[in-house]
Structures are given as structure tokens and as C-alpha cells.
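Listed here are the chains, written in short residue letters.
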Amino acid sequence: MMISIDDLQFGYGRHLLYQGFAARVEQPGIYGLFGRNGSGKSTLLKLLCGLLTPWAGRIQVLGHNPRERAADLLAAVYIVPEEFHLPNLTCAALAATQGVFYPRFSSVLLNEYLAHFEVPQQERFESMSLGQKKKAAIAFALATGTPLLLMDEPTNGLDIVGRAQFRKLLQRPEHAHRAVLISTHQAHDLESILSHIWFIDQGRLALAARMDDLARLLHMGVAHDAAALAQAGGGTLLYQESIGHQLAYVALRSHEPPGAPAPSGSSVQLELLYKALSLNRDTVLKALAPLHHALTHREEHA
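Quick caveat, the model's predicted, so the values are computed rather than measured.

**Considerations on the overall build of the protein**
- If you tally the helices and strands in the protein, you get 11 helices and 12 strands.
- Taken over the C-alpha trace, the protein has a radius of gyration of 20 Å; the compact-globule value for 302 residues is 19 Å, and the two agree within 12%.
- Taken along its principal axes, the extent of the C-alpha atoms in the protein is 60 × 40 × 40 Å.
- Per-residue burial over the protein gives 49% buried out of 302 residues.
- Summed over all atoms, the accessible surface of the protein reaches about 14,200 Å², with 52% contributed by carbon and sulfur.

**A short note on the sheet that holds strand 7 (residues 179-183)**
- Across the sheet, which stays open at both edges, the 6 strands sit in the order 5-6-7-3-8-9 with mixed pairing between neighbours. Strand pairing shows two members of the sheet lacking a second neighbour, strand 5 (77-80) and strand 9 (204-210), which therefore form its edges. Strand-to-strand twist across the sheet, computed as the mean angle between neighbouring axes with direction ignored, equals 15°.
- As paired elements, strand 3 (residues 29-34) and strand 8 (residues 196-201) share 4 bridges and run parallel to each other. The residue bridging Tyr-31 from the neighbouring strand is His-196, located in strand 8.

**What to know about the sheet that holds strand 10 (residues 218-223)**
- Spatial ordering of the open sheet is given by 10-12-11, a layout of 3 strands whose pairing is antiparallel. Two strands bound the open sheet, and with one partner strand each, they are strand 10 and strand 11 (236-243). Each strand of the sheet is rotated relative to its neighbour by a mean of 15°, with strand direction disregarded.
- The pairing of strand 10 with strand 12 (residues 246-252) spans 6 bridges and is antiparallel. In the strand pairing of strand 12, His-219 is matched with Ala-251.

**As for the packing of helix 4 (residues 107-117) against helix 5 (residues 130-143)**
- With their axes 9 Å apart at the nearest point, helix 4 and helix 5 run at an angle of 150° to one another. With respect to their mutual orientation, helix 4 and helix 5 come out roughly antiparallel. Helix-helix and strand crossings are classified by hand; for helix 4 and helix 5 the assignment is right-handed. Residue-level inspection shows Leu-110, Tyr-113, Leu-114 and Phe-117 of helix 4 in contact with helix 5, the latter providing Lys-135, Ala-136, Ile-138, Ala-139, Phe-140, Leu-142 and Ala-143.

**Details of the nonpolar core**
- Counting residues in hydrophobic clusters, the biggest one holds 59 residues, and the most contacted among them are Phe-166, Ile-197, Leu-214, Leu-270 and Leu-273.
- A per-element tally of this core places helix 5 first, with 7 residues.
- For Ile-197, the contacting residues outside a window of four places in its chain are Gly-32, Phe-34, Leu-207, Ala-208, Ala-209, Met-211, Leu-214, Leu-270 and Leu-273.
- Listed in part, the 30 residues of the second largest apolar core include Leu-8, Leu-45, Leu-148 and Trp-198.

**Digging into the pairing of strand 7**
- With 5 of 5 residues buried, strand 7 lies mostly within the body of the structure.
- Going residue by residue along strand 7, you find Ala-179, Leu-181 and Ser-183 tucked away on one face and Val-180 and Ile-182 tucked away on the opposite face as well.
- As paired strands, strand 3 and strand 7 are joined by 5 bridges and run parallel to one another. For Tyr-31, the partnering residue across the bridge sits in strand 7 and is Leu-181.
- Where strand 6 (residues 148-152) and strand 7 come together, 5 bridges link them in parallel fashion. Along strand 7, the bridge assignment pairs Leu-150 with Leu-181.
- With helix 6 (residues 160-170) bridging strand 6 and its parallel neighbour strand 7, the resulting β-α-β unit is right-handed.

**Regarding the packing of aromatic side chains**
- For the coordinates displayed, the defined rule picks out 9 aromatic pairs.
- With centroids separated by 5.7 Å and ring planes inclined at 55°, the aromatic side chains of Tyr-78 and Phe-140 adopt a geometry described as tilted. Within this pair, whereas Tyr-78 is found in strand 5, its partner Phe-140 is found in helix 5, the two being separated by 62 residues in sequence.
- What makes Phe-140 buried here is its relative accessible area of 3%.
- Here the aromatic residues Tyr-78, Tyr-102, Phe-105 and Phe-140 are joined through ring pairs into a cluster of three or more.

**A closer look at the layout of surface pockets**
- The calculated volume of the largest pocket comes to roughly 490 Å³.
- In this structure, the largest pocket is lined by 21 residues; those nearest its centre are Val-77, Tyr-78, Ile-79, Pro-81 and Tyr-102.
- For the lining of the largest pocket, the secondary-structure elements that each account for two or more residues are strand 5, helix 3 (91-98) and helix 5.
- Per element, the largest residue contribution to the lining of the largest pocket is 4 residues, and it comes from strand 5.
- Residue classes in the lining of the largest pocket are distributed as 17 nonpolar, 2 polar and 2 charged.

The rules behind these values
- Residues numbered from 1 in each chain as written.
- Predicted model: local features only at pLDDT ≥ 70, side-chain atom pairs only at ≥ 80, totals over all residues.
- Heavy atoms only, no water.
- Helix = DSSP H or I, 4+ residues; strand = E, 2+ residues; numbered from the N terminus.
- Rg over C-alpha atoms; globule rule 2.2 N^0.38 Å.
- Buried < 20%, exposed > 50% of the residue type's maximum accessible area, 1.4 Å probe, protein only.
- Areas by Shrake-Rupley, 256 points an atom, 1.4 Å probe, with all protein chains shown as cover.
- Pairing = 2+ DSSP bridges.
- Axes fitted to C-alpha atoms, helices over the stretch in contact; angles between N-to-C directions.
- Parallel < 35°, antiparallel > 145°, perpendicular 65-115°, else oblique.
- Left-handed = near helix turned anticlockwise from the far one by under 90°.
- Contact = heavy atoms within 4.5 Å.
- Core = buried A, V, L, I, M, F, W, Y, C linked by side-chain atoms within 4.5 Å.
- Right-handed = clockwise from strand over helix to strand, strands pointing away.
- Phe/Tyr/Trp six-rings, centres within 6.5 Å; stacked < 30°, edge-to-face > 60°.
- 1 Å grid on protein atoms, 1.4 Å probe; cavity = no way out; pocket = protein on both sides within 12 Å on 5 of 7 lines; lining within 4 Å.
- Points joined across faces, edges and corners; volume = space filled by probe spheres on them.
- Nonpolar A, V, L, I, M, F, W, Y, C, P; charged D, E, K, R; others polar.

That's the geometry; what it means functionally is another story.
Structure follows, in C-alpha cells:
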């Protein structure tokens with residue numbers, strides 16, 4: 001098991017942030033962490049890499065207690081925080097001084113990623129823009145080859161082209177063995193590459209789901225009017241909002257056989273699902289509870 005979290009409790013001062021939090025990562029994939037501001041997404045990433053100590057509960061990452069900061073674990077986990085500082089070096093100097101701490105680090109891949117991002121490799125970081133620094137930090141993180149990669153709002157500071165470049169790099173075959181946990185508010189940037197989503201709410205993992213399961217069970221889109229909305233998906237309406245004269249919606253499809261593939265042309269619009277989970281939480285979670293429980297059971301017995 002790559003990550004196991006049981007009955008986690010943690011907070012700041014008198015504010016309890018996590019209470020009874022439990023989660024599993026059994027297999028590689030790209031996991032999107034979603035939740036409202038203050039729900040603890042960034043904190044969870046810091047707990048997983050040992051930068052913070054749980055108040056209670058148990059965290060195991062790649063067979064280690066992360067707070068013990070064992071050398072084997074530190075060589076197998078890399079975190080890209082939302083706010084970071086790079087020493088005033090060139091990318092080559094950073095690779096020479098920091099890459100040695102990661103046994104799977106590849107200078108060849110780093111150079112490929114930097115070229116893909118169009119980062120000037122001979123410039124020092126002090127002379128780069130914020131976006132270039134962010135791309136350099138992401139390129140280095142990907143080049144470490146760590147089995148676990150944690151990223152906090154990685155697309156912040158990137159322009160439209162940079163975000164597309166980021167998605168393309170994450171889909172390269174050399175990352176297929178990794179579990180990548182990404183905390184983000186930029187749902188639309190990542191919905192095409194995520195394999196799983198986690199929705200954190202009120203100190204717990206309220207929803208853990210595979211994207212293909214969500215595509216099979218949910219129908220979402222835009223209806224031209226109320227009459228069209230009534231027919232949307234042929235199932236139970238979970239959420240709607242007005243977009244001008246049209247209506248965006250999330251609906252639960254009529255019964256699908258277990259294991260059935262997602263209907264042709266179906267997709268998950270994460271921004272719309274995120275709104276539904278945030279603004280109509282109880283209704284959506286109740287509808288998706290069997291999916292959450294099925295995934296947990298499946299990963300625990302994988």
C-alpha cells in the first residue's frame with residue numbers, strides 16, 4: 001500500500017482541522033484533492049511527507065511513518081509546495097546539488113522537461129519570472145522519479161500554454177508508476193488527466209472516487225431550458241445553476257449495471273461537480289455514497 005491514513009486528528013491551536021480522517025492510496029495514478037478554502041488540503045500534503053506531526057491517528061507512507069523522516073522515505077517522496085524558494089542557481093547546478101538525494105533522478109529527463117516548458121537553462125533563478133521558476137520546480141520534481149509526488153496548486157502562476165504543457169508531461173509513460181497527489185482549485189485544468197478525486201469536507205474524506213466511475217454514474221452538462229433539464233441524464237437531478245438563460249446541471253444516471261463502461265461521450269466536468277459538492281453537499285454525497293464505499297472496499301482488498 002502506498003498511503004494508509006487511519007483516524008487522523010490534526011489542527012492548529014484550538015482549531016481542529018481533521019477528525020477521524022481515513023484514506024488509502026493502493027495504486028499509482030493522479031489523485032486530485034478538492035475542498036473549500038481551509039479544508040486542509042495543503043496540510044494533508046505536509047502530513048504525508050512528515051513536515052507536520054499528527055495529533056493522533058496513524059499515517060503510513062510507503063511503509064514508513066513519515067514524521068520519522070527516514071532516509072529511504074525522503075528519497076522516495078517529493079513535494080512541490082504552493083509557495084517555494086529556489087536558490088540562485090542555474091537548473092544544471094540545482095540538478096548537480098539536489099538530484100543526488102533521489103536515486104531515480106534523471107538529468108536527461110530534466111533537460112527534456114525544461115525544454116518542453118521552454119525554461120532558459122543557463123539563467124539563474126533570480127533572473128527568471130515567477131512562471132519560469134514554477135516550471136523549473138515542476139520539471140525538477142518530475143525528474144526525481146519518486147514513487148510519490150505531492151503537488152500543491154501546481155498550475156498557479158502558469159499561463160494557458162504552461163498549463164497544457166504541465167498536463168502533457170504528467171501523462172508521459174515514465175510517470176505511470178507514481179502516485180501523484182495534487183491539491184488544486186483549478187479543476188478544469190486537470191480533469192482530463194486525473195484518475196481519482198478526493199473531496200475533503202468537515203475534517204473527513206467525504207468522497208473518494210475513480211474518474212471513470214463518476215463518468216459512468218453521473219451525467220452533467222448544460223440544458224437549454226427547464227424542459228430539457230427535466231430529461232437530463234434520465235435520472236435524479238443533484239444540482240443545477242443558471243448560466244444566462246441556460247441551466248448547468250449534475251444528475252445521477254438511471255441504474256447502470258456494476259462494472260459497466262461509461263456511456264459514449266460522457267465526461268466529468270470537475271468544476272461543476274466541485275460546485276455541486278460544495279453547495280449541495282449532502283444530496284450529492286448521499287447519492288454517491290455507494291461509490292465511495294465500493295472504492296474503499298476495493299482498495300482495501302486489492
